[in-house]
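Spelled out, the chains give:
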Amino acid sequence: MSSSRQLPWVEKYRPKRIVDVVGNEEAKKEYIAWINSWVRGSPSRKAALLYGPPGSGKTSIVHATASEFNWELIEINASDVRSREAIFSRVYPALQTRSVYGHTGKIILIDEVDGVWTKEDVGGLDALIELINTTTYPLVLTANDPWDPKLRDLRDLCKLIEFKKIGKRDIMRVLGDICSKEGITCDRDVLSAIAENAKGDLRAAINDLQSVAMGKDTITLADLQVLGERAAQENMFEVVRIVLTSKTPEGALSVTRLPSLDYEMLIEWLNENIIAQYSPSLRAIADAYDALSLADVNLSRMKRKQMWALLPYVMELITAGVSGVREKPPFKFVKYSFPEKLRLLSRLKTKREKFIQASKRAATLLHVSTSMFRSEILPYIRLIYTYDKDYAMKILSSLGIEDENAKYVLEY
Ligand SMILES: Nc1ncnc2c1ncn2[C@@H]1O[C@H](COP(=O)(O)OP(=O)(O)OP(=O)(O)O)[C@@H](O)[C@H]1O
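An unreviewed UniProt entry lists the protein chain under the name Replication factor C large subunit, from Infirmifilum uzonense. What the UniProt record of the protein chain gives under Function (unreviewed entry) is the line "Part of the RFC clamp loader complex which loads the PCNA sliding clamp onto DNA." Under the UniProt heading Subunit (unreviewed entry), the entry covering the protein chain gives this text: "Heteromultimer composed of small subunits (RfcS) and large subunits (RfcL)."

Here's what the structure looks like:
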């Protein structure tokens, strides 16, 4: 099998049963108790909010539950259901359709609920709360940081379960298992270096292992150099250029051999840049978006039904499919743009980070926890701000929050 057709190991070795989810014993216990309360038909809480750092197994445990109980997994990214209409048009219909795969139940996963809802989307958040109150299936939400004051009502409704970073020893064990299943000989030093570098993120560790292992049956410390070179390979501008301007389908397909190609990111980039490269040929633009939308449909089917065999089709559609369009205009130099959607997400991320930093500082000065500051004190400062801006700014300044940071704290 060529490397382009190889499944990402993070998917191939995703835990199939809850016991296969590594580490976080305490969280697993709480989660299992919650799932069992659903199985018994008397859920303690309708929804669980799994929170913690990336790559710690939050999503994996839900996938494992679906496959272990033979439940249909309805997986949706929170940013796709920001509005009330989206919740009604995307989530409710999925709950009502009968599964054609002989599933015995359903479980709903709404990923990354933090940083999604802005002031304009409160309707979406309310609709989610309504969904929690009425659901007849277990509903799991995930977040890296669940302490946003906007999520307070949501938090109150959910069983909160904290996932922590995965320990280095556990990471090394997972990497060692993968090596033996793949028939790869790998020094402990190498596993230790990859695990160390991952800093508790098992997804990053497995991806790194796959990058260094490409086509080898022995990995040594010298091979870790690839990890340093990855930054260059990840240069999305170059990847987009290859796909959109390649003269042959094979040329476009060649990017799928980059060890760390992020195919979901590539879809966003192509979506943003197809028109600039293919205009004025409407036929070329239409064909390219046809291929991209087919890839998107397959990608979401792949994730929803855990049909990883669809990945090669997705890869071919977003490369050869997008490149091999009819009436493709001659090569022209185009300055590609960064996807607007990702820009929006990263803006929210910066805001969130500033907000977290500032509230930590204030909480330390006040000798309270950060969450207490955000939920019990900050709302009053915001209220004061609506009546007397200067006075509220004085309060914030006495808490070490000034200028720009005050804006983040008041508006986030
Ligand atoms: N605890 C774990 N046990 C086994 N595999 C794991 C674990 N955590 C992560 N992985 C591996 O890493 C991949 C990504 O993990 P997962 O999607 O569960 O992370 P996450 O905590 O949901 O991260 P994010 O917050 O970024 O969504 C999984 O596909 C799996 O291969």
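A.B. asks: Please clarify how the sheet that holds strand E1 (residues 47-51) should be interpreted in this entry.
C.D. replies: Pairing is parallel across the open sheet formed by five strands, whose spatial order is E2-E3-E4-E1-E5. Edge positions in the open sheet fall to strand E2 (71-77) and strand E5 (158-162), since each of these has one partner strand only. Taken over all neighbouring pairs, the strand axes of this sheet differ in orientation by 20° on average, direction set aside. For E2 and strand E3 (residues 105-111), the ladder comprises seven bridges, and the chain directions are parallel. Looking at the pairing, Glu72 lines up with Lys106 of E3. Against the sheet, helix H2 (residues 25-39) touches E1, E2, E3, strand E4 (139-143) and E5, its axis set at about 155° to E5.

A.B. asks: Please clarify how the environment of Asp187 should be interpreted in this entry.
C.D. replies: Considering the arrangement of structural elements, one finds Asp187 in the loop between strand E6 (185-186) and helix H8 (188-198). Sequence separation of Asp187 and Leu221 is 34 residues, and the distance between their C-alpha atoms is 7.9 Å.

A.B. asks: Help me out: how do you make sense of unusual backbone geometry in this one?
C.D. replies: Backbone phi values are negative for most residues with the exception of glycine, while trans is the configuration of most peptide bonds. In this model, Ser279 is joined to Pro280 through a cis peptide bond whose omega is 10°. Take Pro280: it is sitting in the loop between helix H13 (263-278) and helix H14 (282-305). Phi is positive for Lys199, which is not a glycine, with a value near 50°. With respect to the helices and strands, Lys199 occurs in the loop between H8 and helix H9 (202-213). The backbone of His367 sits at a positive phi, close to 60°, despite the residue not being glycine. Structurally, His367 can be placed in the loop between helix H16 (340-366) and helix H17 (370-387).

Definitions and limits used
- Residues numbered from 1 in each chain as written.
- Predicted model: local features only at pLDDT ≥ 70, side-chain atom pairs only at ≥ 80, totals over all residues.
- Heavy atoms only, no water.
- UniProt positions renumbered as here; feature names shortened; annotations may be inferred.
- Pairing = 2+ DSSP bridges.
- Helix = DSSP H or I, 4+ residues; strand = E, 2+ residues; numbered from the N terminus.
- Axes fitted to C-alpha atoms, helices over the stretch in contact; angles between N-to-C directions.
- Contact = heavy atoms within 4.5 Å.

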